[in-house]
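Here's the letter readout for the chains.
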Amino acid sequence: MTTQLTEEPPKGKVIVITSGKGGVGKTTSAAAISAGLAKRGHKTVVIDFDVGLRNLDMTMGCERRVVFDFINVIQGDARLKQALIRDKRIDTLSILPTSQTRDKDALTKEGVEKVLDELKTEFDYIICDSPAGIERGAQMAMYFADEAVVVTNPEVSSVRDSDRVLGLLSSQTRRAETEGADPIKAQVLLTRHDSARIDTGEMMTVEDVLEILAVPLLGIVPESKAVLRASNVGTPVILDGPSNAAAAYEDAVARLIGEEVEMRVLAERRPNLFHRLLGRTA
Amino acid sequence: MSFFGFSLKSRRPSSAQTAKDRLQVLLAHERRGGSPSPDYLPQLQSDIIAVIRKYVTVEDDGVDIRMENGQEVSSLEINIELPSRTTAAG
Ligand SMILES: Nc1ncnc2c1ncn2[C@@H]1O[C@H](COP(=O)(O)OP(=O)(O)OP(=O)(O)O)[C@@H](O)[C@H]1O
Ligand SMILES: [Mg+2]
């Protein structure tokens with residue numbers, strides 16, 4: 001899993017983690033993916049675009065160290081170097097927190113572009129944690145992206161919103177507006193996958209979701225207690241000891257950088273058949 | 001064992017307890033100032049640069065402010081990169 005890449009890593013590839021629907025696991029995924037990339041030695045920065053409701057700092061465990069933020073940098077009150085928080089666990093990982101107080105209008109296209117351009121000179125990967133919705137914050141997070149990870153739960157409203165977002169990615173972004181540019185490479189990351197509920201027919205299967213969305217699958221992250229534990233202690237789940245969720249994110253990170261990893265459905269330890277029958281009749 | 005769904009035993013260190021502690025620290029700061037990083041920091045920074053410039057030449061990005069919010073106290077760490085001694089003395 002920790003094999004060094006033979007290929008040169010890209011300089012400053014911008015990847016947006018987006019979804020449309022709220023609470024599907026974008027921030028969890030942004031934290032895990034950026035930590036996973038950094039762990040492999042890639043210089044990585046993760047940016048919180050959720051202005052006014054920042055949570056990435058909590059998930060990364062650096063909330064006590066925030067002095068300046070993304071908005072301060074855009075507005076010229078601080079330099080980028082001062083706002084970047086170097087992760088204490090992995091030295092190739094940095095966090096650019098956002099402001100709790102300002103409103104979304106503080107994100108300007110020009111400002112975001114300037115910050116991203118500066119980050120590109122220093123980082124291999126720039127991970128943008130998008131807010132929910134399809135309003136300004138989400139649009140700014142995706143506008144300059146080279147790739148997109150569309151976080152989706154196997155559930156109708158989430159799949160529907162992912163479809164909206166895929167539409168925006170292919171129309172309202174710089175790559176879409178620039179003639180001759182390759183379109184954004186979008187992949188679905190299916191999270192909170194619950195095999196038990198899928199077996200009972202309550203939840204759509206991976207195949208159902210992919211058939212509807214018609215984009216490649218980046219990975220399948222199981223519903224897992226490890227995610228809650230990791231967020232409690234402020235550690236990206238990938239760094240918080242072995243778990244199925246961590247293994248699933250490791251696989252996703254490997255695929256993101258072009259490695260071929262066979263798709264597997266990891267599950268939280270499942271109750272045996274006997275238990276399930278009992279549970280159903282009860 | 002807890003029969004009523006809660007226990008009077010002293011809490012063992014759990015991740016939920018860590019979560020609570022972290023939130024208490026963070027929210028105490030946010031409620032006080034609306035933001036964990038006070039709004040005066042950018043101004044403070046340029047004031048510091050101005051004062052130091054009375055004595056030595058420092059670059060604009062030679063001043064680095066870091067803050068760490070704690071339960072009882074917060075600390076502000078200010079690192080100032082001074083030019084090498086020859087220039088400073090000159
Ligand atoms: N695989 C998972 N297993 C269990 N819980 C999860 C999983 N992924 C995310 N969660 C939980 O779901 C909640 C929402 O996750 P998260 O904050 O990452 O979503 P989000 O998409 O960033 O939300 P928002 O739209 O508000 O920004 C959190 O409580 C998180 O712990
Ligand atoms: Mg989020």
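Just so you know, the residues in each chain are numbered from 1, in the order the chain's sequence is written. Key to labels: chains lettered from A, ligands numbered from 1, both in the order written. Only residues with pLDDT of 70 or above have their local features reported here, since the model is predicted, and side-chain atom pairs are shown and tallied only from 80 upward, although totals for entire chains, interfaces and linings are computed over all residues. Computation of side-chain values: all heavy atoms of the structure, hydrogens and water removed.

The name that an unreviewed UniProt entry assigns to chain B is Cell division topological specificity factor, with the source organism given as Marinovum algicola. UniProt positions are given in the numbering used here, feature names are shortened, and annotations may be inferred rather than shown by experiment. UniProt lists a comment for chain B under the heading Function (unreviewed entry), and it reads "Prevents the cell division inhibition by proteins MinC and MinD at internal division sites while permitting inhibition at polar sites. This ensures cell division at the proper site by restricting the formation of a division septum at the midpoint of the long axis of the cell." The annotation that UniProt attaches to chain B under Sequence similarities (unreviewed entry) is "Belongs to the MinE family."

Per an unreviewed UniProt entry, chain A is named Septum site-determining protein MinD, and its organism is Marinovum algicola. Turning to chain A, the UniProt record has this under Sequence similarities (unreviewed entry): "Belongs to the ParA family. MinD subfamily."

Undergrad: Please set out the side chain of Arg 22 of chain B residue by residue, giving values where relevant.
TA: Here a helix means four or more residues in a row that DSSP labels H or I, a strand means two or more in a row labelled E, and each is numbered from the N terminus. Looking at where Arg 22 of chain B falls in the secondary structure, it is placed in helix 1 (residues 15-33). The rule is simple: take the accessible area with a 1.4 Å probe, protein chains only, and divide by the maximum for that residue type; under 20% is buried, over 50% is exposed, in between is partly exposed. For Arg 22 of chain B, a relative accessible area of 8% puts it in the buried group.

Undergrad: Explain the interface of chain A and chain B to me, using residue names and the numbers behind them.
TA: Contact criterion: two residues are considered in contact whenever any of their non-hydrogen atoms come within 4.5 Å of each other. Facing 23 residues of chain A, the contacting portion of chain B comprises 26 residues. Note on definitions: buried area is the accessible-area loss of two parts on being combined, 1.4 Å probe, summed for both. In total, chain A and chain B occlude about 2,300 Å² of area from one another, counting both sides; carbon and sulfur atoms represent 45% of this. A salt bridge links Arg 22 of chain B to Glu 63 of chain A; its shortest N-O distance comes to 3.0 Å. Polar contacts here mean pairs of N or O atoms no more than 3.5 Å apart (in protein, one a potential hydrogen donor and the other a potential acceptor; neighbouring residues in sequence count only if both atoms are side-chain atoms). One can count six residue pairs in polar contact (both at pLDDT 80 or more) joining chain A with chain B. Salt bridge criterion: a side-chain nitrogen from Lys or Arg within 4 Å of a carboxyl oxygen from Asp or Glu.

Undergrad: Can you explain the layout of surface pockets? Please cite residues and give values.
TA: Buried and open spaces are told apart on a 1 Å grid over the protein atoms alone, a cavity being a set of points where a 1.4 Å probe fits but cannot get out and a pocket being an open set with protein on both sides within 12 Å along at least five of seven lines. Residues with an atom within 4 Å of a point are the lining residues. Grid points are joined across faces, edges and corners, and a volume is the space filled by probe spheres set on the points. Here the largest pocket is characterised by a volume of approximately 750 Å³. As for the largest pocket, its lining consists of 30 residues, of which Gly 25, Thr 27, Thr 28, Val 227 and Ser 231 of chain A are closest to the centre. Looking at the lining of the largest pocket, the elements that each hand over two or more residues are helix 1 (26-39), helix 2 (56-60), strand 7 (185-193), strand 8 (217-222) and helix 11 (225-233) of chain A together with helix 1 of chain B. Residue polarity is assigned by list, with Asp, Glu, Lys and Arg as charged and Ala, Val, Leu, Ile, Met, Phe, Trp, Tyr, Cys and Pro as nonpolar; anything else, Gly included, falls into the polar class. Its residues assigned to classes, the lining of the largest pocket shows 12 nonpolar, 12 polar and six charged.

Undergrad: Please provide a residue-by-residue account of the site of ligand 1, values included.
TA: Residues and elements named next belong to chain A. Nearness of a residue to a molecule or strand requires only that one of the residue's heavy atoms be within 4 Å of it. Close contacts around ligand 1 come from 15 residues, with Gly 23, Lys 26, Thr 27, Thr 28 and Ser 224 the closest. At 3.0 Å, a backbone N or O of Gly 25 approaches an oxygen atom of ligand 1. Backbone polar atom of Thr 27 to an oxygen atom of ligand 1: 2.8 Å apart, as the coordinates give it. In the complex, the protein chains occlude 76% of the 630 Å² of accessible area that ligand 1 would expose alone. Comparing atom positions with the cavity grids shows ligand 1 to sit within the largest pocket. Among the secondary structure elements, those contributing two or more residues to the shell around ligand 1 are helix 1 and strand 8. Every accessible area reported is derived by Shrake-Rupley at a probe size of 1.4 Å, with residue values counting cover from the shown protein chains alone. The rule for placing a molecule in a cavity or pocket is simple: more than half of its atoms must lie within 2 Å of the grid points.

Undergrad: I'd like to hear about the UniProt feature "binding site: ATP" (unreviewed entry) in chain A, residue by residue, with values.
TA: All names here are of chain A. When the UniProt feature table is mapped onto this chain, "binding site: ATP" (unreviewed entry) is found at Lys 21, Gly 22, Gly 23, Val 24, Gly 25, Lys 26, Thr 27 and Thr 28. From this annotated list, the subset lining the largest cavity comprises Thr 28. Those residues in contact with Gly 23, other than ones at most four positions away along the chain, are Asn 153 and Arg 192. With respect to the helices and strands, Gly 25 occurs in the loop between strand 1 (13-18) and helix 1.

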